[in-house]
Amino acid sequence: MQRRSRGINTGLILLLSQIFHVGINNIPPVTLATLALNIWLFLNPLKSLYNSCLSVEKCYQQKDWQRLLLSPFHHADDWHLYFNMASMLWKGINLERRLGSKWFAYIIITFSLLTGVVYLFLEFALAEFMDEPDFRRNCAVGFSGVLFALKVLNNHYCPGGFVNVLGFPVPNKFACWAELVAIHFISPGTSFAGHLAGILVGLMYTHGPLKKIMETCAGMFSSNVAYPEQRYYFNSSGYSGYQDSYPYGRPGHYAEVPRNYDVYTAGLSEEEQLERALRASLWDRAHPRSDGKP
């Protein structure tokens, strides 16, 4: 894996523009910290991409297990960082407001590690069953696997509506699988096993034992957290917002009712949001306002 190129990081500039367009005060703390950590490590990587990417050969055979911690938070280039973190921005806003910052931080940490473990298992299984040793050397880097796991959660909590995948409307519950295929149809160089690992981790949480295991491991922390009962409301474009009701209060959470994030998403899919943000960023730089207003 080659070192990222130096020069103008257009993707990073667009990402920062989108963050400030949403407003730092409107981004929950764990989501904001995750964005900041990924940006910081992109600008100041702890190790080179070759020494931080995740593979069976490097982790299992050479016992370099620190890559499980490093690989999710390092990115190949500025556009890799932009698309991953722009997706994290919207997923984080929705999920952190719903689940609370402490539990969402727990999810991010657990998913980051577990997605890497599942990825290694998938690559090892492919190498064994297909008798192809190259799968052991496939080296992945980036936050994409974690994002696919978060997408499963987001679609689980927001079961209604459709998303646009390559121009075709796809029900939310099948969106992850459709996007998994679509991404590798458009960009075949991406890690199919890494993205699939994220989907499997998300399903382990929503339909498997992972959530119960996490609650058990959390011990006293999980016993003191009040989980909200979600009440959803829909419009013609699918899921449009939610309200949380806490029968016994909201210890450790914000007091205000979560805002309707359609003010940011306008009912658009993630791909449409990214496209609109890109056009808006380019337009704002080409046509600065003269009235002094932000």
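Please read these numbers as outputs of a predicted model, since none were measured by experiment.

This part is about the overall build of the chain. On a plain count of helices and strands, the chain comes out with 15 helices and four strands. By residue count, 48% of the 294 residues in the chain fall in the buried class. Expressed as a percentage of contacts within the chain between residues at least 6 apart in sequence, the contacts between residues at least 24 apart total 71%. Surface summary for the chain: the accessible area is close to 15500 Å², and the carbon and sulfur share equals 62%.

In total, this model carries four salt bridges according to the counting rule given. A salt bridge links Asp64 to Arg67; the nearest nitrogen and oxygen atoms lie 2.8 Å apart. For the pair Asp64 and Arg67, a shared accessibility class is recorded, and that class is buried. A salt bridge links Asp134 to Arg137, with the nearest nitrogen and oxygen atoms 2.4 Å apart. Residue Asp134 and its partner Arg137 are both found in helix α8 (residues 134–137); the two are separated by three residues, about one turn of the helix. Taking relative accessible area as the criterion, Asp134 reaches 38% and is therefore assigned partly exposed.

A separate point is the packing of aromatic side chains. To describe a pair of aromatic rings, you give the distance between the ring centres and the angle between the ring planes. In this structure the tally under the stated criterion is seven aromatic pairs. Taking 5.7 Å as the distance between ring centres and 45 degrees as the angle between the ring planes, the aromatic pair formed by Phe73 and Phe143 counts as tilted. Here Phe73 is found in the loop between α5 (67–70) and α6 (78–99), whereas its partner Phe143 is found in the loop between α8 and α9 (144–157), with 70 residues between them in sequence. Across this residue pair, the class does not change: Phe73 and Phe143 are buried. Taken together, the aromatic side chains of Trp79, Tyr82 and Phe83 make up a single cluster linked through ring pairs.

Right, let's talk about the packing of helix α11 (residues 192–206) against helix α12 (residues 210–218) for a bit. Put simply, α11 and α12 touch, their axes get as near as 5 Å, and they point 70 degrees apart. Taken together, the axes of α11 and α12 lie roughly perpendicular to each other. In contact with Val201, Met204 and Tyr205 of α11, α12 contributes Leu210, Lys211 and Met214. By residue class, the composition of the contact of α11 with α12 is five nonpolar, no polar and one charged.

Now for the confidence of the model for the chain. Predicted confidence across the chain gives a mean pLDDT of 78, with 72% of residues reaching 70 or more. Within the chain, no element has a lower average pLDDT than strand β4 (residues 238–245), which sits at 30, and none a higher one than helix α2 (residues 29–43), at 96. The model gives residues 222–267 a pLDDT under 50, and that stretch makes 81 contacts with residues more than four places away or in other chains. Every residue in residues 289–294 scores below 50 in pLDDT, and together they form one contact with partners more than four places removed in sequence or on other chains.

Before going further, it helps to examine a nonpolar patch on the surface. A contiguous nonpolar surface patch, about 510 Å² in accessible area, is contributed by Leu166, Phe168, Phe185 and Ile186. Summarising the element assignment, Phe168 is placed in strand β2 (residues 168–171).

So, about the environment of Glu179. Considering the arrangement of structural elements, one finds Glu179 in helix α10 (residues 172–186). Look at Glu179 and you get buried, because its relative accessible area is 8%. With 13 residues separating them along the chain, Glu179 and Leu166 place their C-alpha atoms 8.7 Å apart.

Turning our eyes to something else, we now look at α2. An ideal rise of 1.5 Å per residue puts 21 Å on 15 residues; α2 measures up with 21 Å between its terminal C-alpha atoms. All of the buried residues along α2 are Val30, Thr31, Thr34, Leu35, Asn38, Ile39, Leu41 and Phe42. Against α1 (10–22), α6 and α7 (101–129) lie the buried residues of α2.

About the thresholds
Residues numbered from 1 in each chain as written. Predicted model: local features only at pLDDT ≥ 70, side-chain atom pairs only at ≥ 80, totals over all residues. Heavy atoms only, no water. Helix = DSSP H or I, 4+ residues; strand = E, 2+ residues; numbered from the N terminus. Buried < 20%, exposed > 50% of the residue type's maximum accessible area, 1.4 Å probe, protein only. Contact = heavy atoms within 4.5 Å. Areas by Shrake-Rupley, 256 points an atom, 1.4 Å probe, with all protein chains shown as cover. Salt bridge = Lys/Arg side-chain N within 4 Å of Asp/Glu carboxyl O. Phe/Tyr/Trp six-rings, centres within 6.5 Å; stacked < 30°, edge-to-face > 60°. Axes fitted to C-alpha atoms, helices over the stretch in contact; angles between N-to-C directions. Parallel < 35°, antiparallel > 145°, perpendicular 65-115°, else oblique. Nonpolar A, V, L, I, M, F, W, Y, C, P; charged D, E, K, R; others polar. pLDDT = per-residue confidence, 0-100. Patch = residues over 30% accessible without salt bridge, like charges linked within 9 Å, V, L, I, M, F, W, Y side chains within 5 Å. Expected span 1.5 Å × (residues − 1).

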